Amino acid sequence: MKEKKQFKMPHLLWIMFGIILLACLATYLVPAGQFATNEAGEIIGTEFQYLGYQTPVSPWDALMKMKAGLTGAATIMFVVMVSGATINVVLETGVLDDLMNWSVYKLKDKGAGLLIALMMILMAYLGGFGGTDALIAVVPVGILFAKKLKLDPICALGVTTFASLVGFGTGPAQQATTQMLMGVIPYSAFFTRLVIMNLFLAMAIVMVLRYAKKIQKDPKNSLMYGAGWRPEHAAGSEEGVLKKVEMNWRKIAVIVIFIGQYLLIAMYPLMGGDSGKTFDFMIAVMICTMILVGMIGGMSAEKLGQSFAKGLASMAFVAFVIGLAKVISLVLGDGNVIHTIVYVLTKPLLGLPKSVASIGLTIIVSIINPIIPSATSKAAILVPIMKPVAEALGMELNLAVVAYQMGDSFTNLLSPLLGWMIGSCVMADVPFATWFKWVLPKVLLFIATACVIVFILTATGWTGVI
């Protein structure tokens, strides 16, 4: 008897080509239409008319637009590649690993509450500023401390993957690509996002602490109790997991420079910088950061070059996906169906306050997020639709980015397609169904809070300057 093959999500390349084909099909089937625009070229969301004829774009026409799409998105593509290359140099200095090991080693003899809180703060900030799925390597440290404190493996995931994904999703440095695609200044609203990140981090800490206290009060409260977990069996060796390292001035300088680049880029427009030179400034700062970090981190010129090239190569496909997203936008635009799609989506929302409409964007992205867990890929796919929707609703584009980020953040913790999450569950020996049961109420509370934040920002006329 043949085994039934499990469904496997196609490679992102084929998903993108499939979306291009669907976009072409839409130009044949969806009635062509256009919004009126004002003198500044901005959409007037209340004035729309159908053209009365179709302007179809064939698949071959779409392929012929490939060069235009790639060149049209070239600036964003190269900024993303340079950013990824710079982050790779920082990672390969080993400084972030040393910071984590130093912090955890210093905390190992502290009380449970303080240990959990400080560990989660560290993980959230690592996720928020340098987050990659490489942070899955920290899960064994969480397992060790869960055993030391006689807590279950869910707590091990709570202080590591849960915290790092909350930081990764809400961090102020994680939506630069979305901002660029939206046409707003990268890293703008940095300080507002930092406040939002810390709010959700505080919520996450309270959630894990409450669960830990319930287990300490009665081990039967653990969701892992039925699977055989018992606190008296908890034991672990620190050897091979915890490493005693020293944080010298070089390592501290690397961390300061790495975080400082984001602050410098965020402050550039506030210091009177030419907004037309923002991307030039970003690339220049990142190149300088890469060189300084490599030199101070003790890399040779050869090693630094190899590390930069490796990081650049790792982001090449992501950059290509951004170019393909531009092709989709061109197909829908030249086929005169993008405005029709936006009109249909926004018509029910036009009579509602913008604060309610912005919440709708957050919820839509939250639903889509588990299916396409890659933040950059999802932004490349959704922004061509979200941007004109926001314009049609008269919504501040940076607010649309916040609405997108809030939707993009929390359902990662539920996604069976996210290797970071699934791999963490496997390493901690926590069945995904058990993890889902534990984390679902937390995710729903996060989303509800995110909707409140988006509502307040919209209602107060927040412009995204700081």
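The model shown is predicted, which means the values in this text are computed figures rather than measured ones.

What follows concerns the overall build of the protein. The helix and strand tally for the protein stands at 20 helices and two strands. A total of 466 residues make up the protein; the buried ones form 53% of that total.

This part is about helix α4 (residues 74-92). Between its first and last C-alpha, α4 extends 27 Å over 19 residues, near the 27 Å set by a 1.5 Å rise per residue. Burial analysis of α4 places 14 of its 19 residues in the buried class, the great majority of the element. Remark: G94 follows α4 within two positions and exhibits a positive phi of approximately 80 degrees.

Among the nonpolar cores identified, the biggest contains 150 residues, and M120, F162, Y187, F200, L413, W435 and F446 are the most heavily contacted of them. Not counting residues up to four positions away in its chain, the partners in contact with F446 are F162, V166, F200, M203, A204, M207 and F410.

Applying the stated rule across the entire model yields four salt bridges. As a salt-bridge pair, K303 and E92 come within 3.3 Å of each other at their nearest N and O atoms. With K303 in helix α13 (residues 301-314) and E92 in helix α4, this residue pair connects regions lying 211 residues apart in the sequence. Take K303: its relative accessible area is 36%, and that puts it in the partly exposed class. Taking relative accessible area as the criterion, E92 reaches 25% and is therefore assigned partly exposed. For the salt bridge of E92 with K310, the shortest nitrogen-to-oxygen distance reads 3.3 Å. Here the residue E92 occupies a position in helix α4, and K310 occupies one in helix α13, the gap between them amounting to 218 residues. Given a relative accessible area of 53%, K310 falls into the exposed group. Salt bridges linked by common partners bring E92, K303 and K310 together as one network.

Here we take up the side chain of K442. Within the secondary structure, K442 is located in helix α20 (residues 432-459). Buried charge without a partner: K442 forms no salt bridge, and the closest opposite charge is D152, 10 Å away. Sequence-distant contacts of K442, that is, excluding residues within four places in its chain, are made with F162 and M207.

Attention shifts here to the confidence of the model for the protein. Mean pLDDT for the protein: 84, with 89% of residues reaching 70 or above. Within the protein, helix α2 (residues 59-64) carries the highest mean pLDDT (96), whereas helix α5 (residues 95-107) carries the lowest (75).

Let us look at the environment of A212. Its place among the elements puts A212 in helix α10 (residues 190-217). The class of A212 is buried, set by a relative accessible area of 3%. With 10 residues separating them along the chain, A212 and S222 place their C-alpha atoms 8.7 Å apart. What A212 contacts, discounting residues up to four positions off in sequence, is I116, L151 and C155.

Scanning the entire structure with this criterion turns up 19 aromatic pairs. Between F200 and F446, the aromatic rings sit 5.7 Å apart at their centres with planes inclined by 75 degrees, giving edge-to-face as the arrangement. Highlighted residues: F200 in helix α10 and F446 in helix α20, separated in sequence by 246 residues. Judged by its relative accessible area of 0%, F446 falls in the buried class. One Lys or Arg, R230, reaches over the ring of Y225 and ends 3.6 Å from the middle of that ring.

Quick notes on the rules
- Numbering of residues starts from 1 in each chain and follows the order in which that chain's sequence is written.
- Note on the predicted model: pLDDT of at least 70 is required for a residue's local features to be given, and 80 or more for side-chain atom pairs to be given and counted; whole-chain, interface and lining totals, by contrast, use all residues.
- Side-chain metrics in this entry use all non-hydrogen atoms of the structure; hydrogen atoms and water are not considered.
- The way it works is that DSSP assigns letters per residue, a run of H or I at least four long becomes a helix, a run of E at least two long becomes a strand, and they are numbered from the N terminus.
- The buried label goes to any residue with under 20% of its type's maximum accessible area, the exposed label to any with over 50%, and the partly exposed label to all in between, with areas taken from a 1.4 Å probe on protein chains only.
- Given the number of residues in a helix, its expected span is that number minus one, multiplied by 1.5 Å.
- We define the nonpolar core as a collection of buried residues of types Ala, Val, Leu, Ile, Met, Phe, Trp, Tyr and Cys that are connected through side-chain atoms lying within 4.5 Å of one another.
- Contacts between residues were defined by any pair of non-hydrogen atoms, one from each residue, lying within 4.5 Å.
- Note on definitions: salt bridges are taken to be side-chain nitrogens of Lys or Arg within 4 Å of carboxyl oxygens of Asp or Glu.
- His residues and chain termini do not enter the charge count, which takes Lys and Arg as positive and Asp and Glu as negative.
- Think of pLDDT as the predictor's per-residue confidence, scored from 0 to 100.
- Centre distance within 6.5 Å is the pairing criterion for rings of Phe, Tyr and Trp, where only the six-membered ring of Trp is used; planes under 30 degrees apart are then read as stacked, over 60 as edge-to-face, and the remainder as tilted.
- Each ring is checked for a lysine NZ or an arginine CZ that lies within 6 Å of its centre and within 35 degrees of its normal; such an atom marks a charge sitting over the ring.

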